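Read off the chains here:
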Amino acid sequence: MPQVSIARLFEDNRDKLQLAWVAGRDGGTKDLNSELTKDSSRGLIGHLNFMHPNLIQVLGASEVAYLNGLQPDVCARALNQVATLELACFIVAGVEKAPGPLLAVAESTHTPLFVSPVPSVELMWMLRPYLARLLAESTTVHGVCLDVLGMGVLITGDSGVGKSELALELISRGSGLVADDVVELYRLGPETIEGRCPALLRDYLEVRGLGVLNIRTIFGEAALRPRKNLKLIVHLQRPSATESTPLERLPLNAGSQQLMGVDISKVTIPVAAGRNLAVLTEAAVRNYVLQLRGIDSTQEFIARQAQQLNGEKP
């Protein structure tokens, strides 16, 4: 289960956000995990909210001014209402000094309190993608993930069908390798799936007959990508003589496959001797880009054929 401790959140962002840990150091072991952020009624991060508390409560200049305007006992009572076990931490942003009652509540409830000179809106803008990546829903799939012509492509197919050989040829043509064999997929948003590589397999591609190749050493740094948003699945299929339903020669509707609740466009390429799979894969990517722009070659051809049958001039 993806999770991040508050101590790690502090260390990872200390320099970038100029964070200072001013109170509640005993709460550094608190964890934010994907189950909590998915099922909790609280928001993940936002400005101080008493009605709908966030797991990370951020106090900008307006929130600090509001707290400073309250009587100390009233302020302490209000803060104690949100400083529950679920609360991960307080962050005072864009203000030099945290209010005294907030310091006292953070210490008494063992809730970490950070101070940053970065304005609150900018601080949340920087923390949200960091948290989204660490706490994203994830799964693993068998295949090869590549950056082909700027698009994230997942090559799938049965073992031995030629996925890694195709990936090697695409890399030699300028594509970038993300992961081979085991691809980690993370759902970063409602329609965003990101492909990454497990640390153990990073830089490596296994090709039958050649063994394990270090792509960084052979092709250089430019042949690798640390991550890529998945846009297209290219499925390699070896036609079988026993198949009762042959592949559709002229697919009228774009195919898709659902991964973690997100529909990803999919094309199936038959594997046969003499076919240049690298060129076909690049053509599939270029065709997908055209479809994103509203240009569908198949539908255009069908429309032209209909005009011809109706005696109309194209």
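To start, this report covers the structure provided alongside it. (Residues numbered from 1 in each chain as written. Predicted model: local features only at pLDDT ≥ 70, side-chain atom pairs only at ≥ 80, totals over all residues. Heavy atoms only, no water.)

### Regarding the nonpolar core
Part 1 of the reasoning: Ranked by internal contacts, the top residues of the largest apolar core, which has 29 residues, are Leu-146, Ile-155, Leu-177, Leu-205, Ile-215 and Leu-236.
Part 2 of the reasoning: Non-local contacts of Leu-236, meaning those with residues more than four positions away in its chain, are made with Ile-155, Thr-156, Gly-157, Asp-158, Val-161, Gly-162, Lys-163, Leu-166, Ile-269, Val-271 and Leu-277. (Core = buried A, V, L, I, M, F, W, Y, C linked by side-chain atoms within 4.5 Å. Buried < 20%, exposed > 50% of the residue type's maximum accessible area, 1.4 Å probe, protein only. Contact = heavy atoms within 4.5 Å.)

### Digging into the packing of helix H4 (residues 72–82) against helix H5 (residues 100–108)
The description of two helices packed together rests on the angle between their axes and the distance between the axes.
Part 1 of the reasoning: Running from N to C, H4 and H5 cross one another at 40°; their axes reach a closest spacing of 9 Å. In terms of orientation, H4 lies oblique with respect to H5. Note on packing geometry: the crossing formed by H4 with H5 is right-handed. Residues Pro-72, Cys-75, Ala-76, Leu-79 and Asn-80 of H4 form the contact with H5, whose own contacting residues are Pro-101, Leu-102 and Val-105.
Part 2 of the reasoning: Each residue belonging to the contact of H4 with H5 can be placed in one class, and the counts come to seven nonpolar, one polar and no charged. (Axes fitted to C-alpha atoms, helices over the stretch in contact; angles between N-to-C directions. Helix = DSSP H or I, 4+ residues; strand = E, 2+ residues; numbered from the N terminus. Parallel < 35°, antiparallel > 145°, perpendicular 65-115°, else oblique. Left-handed = near helix turned anticlockwise from the far one by under 90°. Nonpolar A, V, L, I, M, F, W, Y, C, P; charged D, E, K, R; others polar.)

### Focus: the environment of Leu-135
Part 1 of the reasoning: Considering the arrangement of structural elements, one finds Leu-135 in the loop between helix H6 (120–134) and strand E8 (137–148).
Part 2 of the reasoning: Spatially, the C-alpha atoms of Leu-135 and Glu-35 are 8.8 Å apart, while their sequence positions differ by 100 residues.

### Regarding unusual backbone geometry
Part 1 of the reasoning: Even without glycine at this site, Gln-18 takes up a positive phi of about 55°.
Part 2 of the reasoning: On the secondary structure map, Gln-18 appears in the loop between helix H1 (6–17) and strand E2 (20–23).
Part 3 of the reasoning: Look at Gln-18 and you get exposed, because its relative accessible area is 51%.
Part 4 of the reasoning: Here His-110, not a glycine, exhibits a phi torsion of approximately 55°, which is positive.
Part 5 of the reasoning: Relative to the elements of secondary structure, His-110 occurs in the loop between H5 and strand E7 (113–116).

### Quick look at the environment of Pro-190
Part 1 of the reasoning: Secondary-structure assignment places Pro-190 in the loop between strand E10 (176–189) and strand E11 (192–196).
Part 2 of the reasoning: Separated by 70 residues in sequence, Pro-190 and Met-260 have C-alpha atoms that sit 9.8 Å apart.

### With respect to helix H9 (residues 277–292)
Part 1 of the reasoning: Counted at 1.5 Å a residue, the expected span for H9 with its 16 residues is 22 Å, and the 22 Å between its end C-alpha atoms agrees.
Part 2 of the reasoning: Regarding H9, the residues found buried are Leu-277, Ala-278, Thr-281, Glu-282, Ala-284, Val-285 and Tyr-288. The buried residues of H9 all sit within an arc of 150° when viewed along its axis, so they share a single face.
Part 3 of the reasoning: Against E8, strand E9 (151–157), helix H7 (163–172), strand E14 (227–237) and strand E16 (262–270) lie the buried residues of H9.
Part 4 of the reasoning: Structurally, the start of H9 carries an N-cap: the backbone nitrogen of Ala-278 is 3.3 Å from a side-chain oxygen of Asn-276.
Part 5 of the reasoning: The positive-phi residue at the C-terminal boundary of H9 is Gly-294, with phi of around 90°. (Expected span 1.5 Å × (residues − 1). Arc of directions from axis to C-beta. Polar contact = N/O pair within 3.5 Å; in protein donor to acceptor, adjacent residues only side chain to side chain.)

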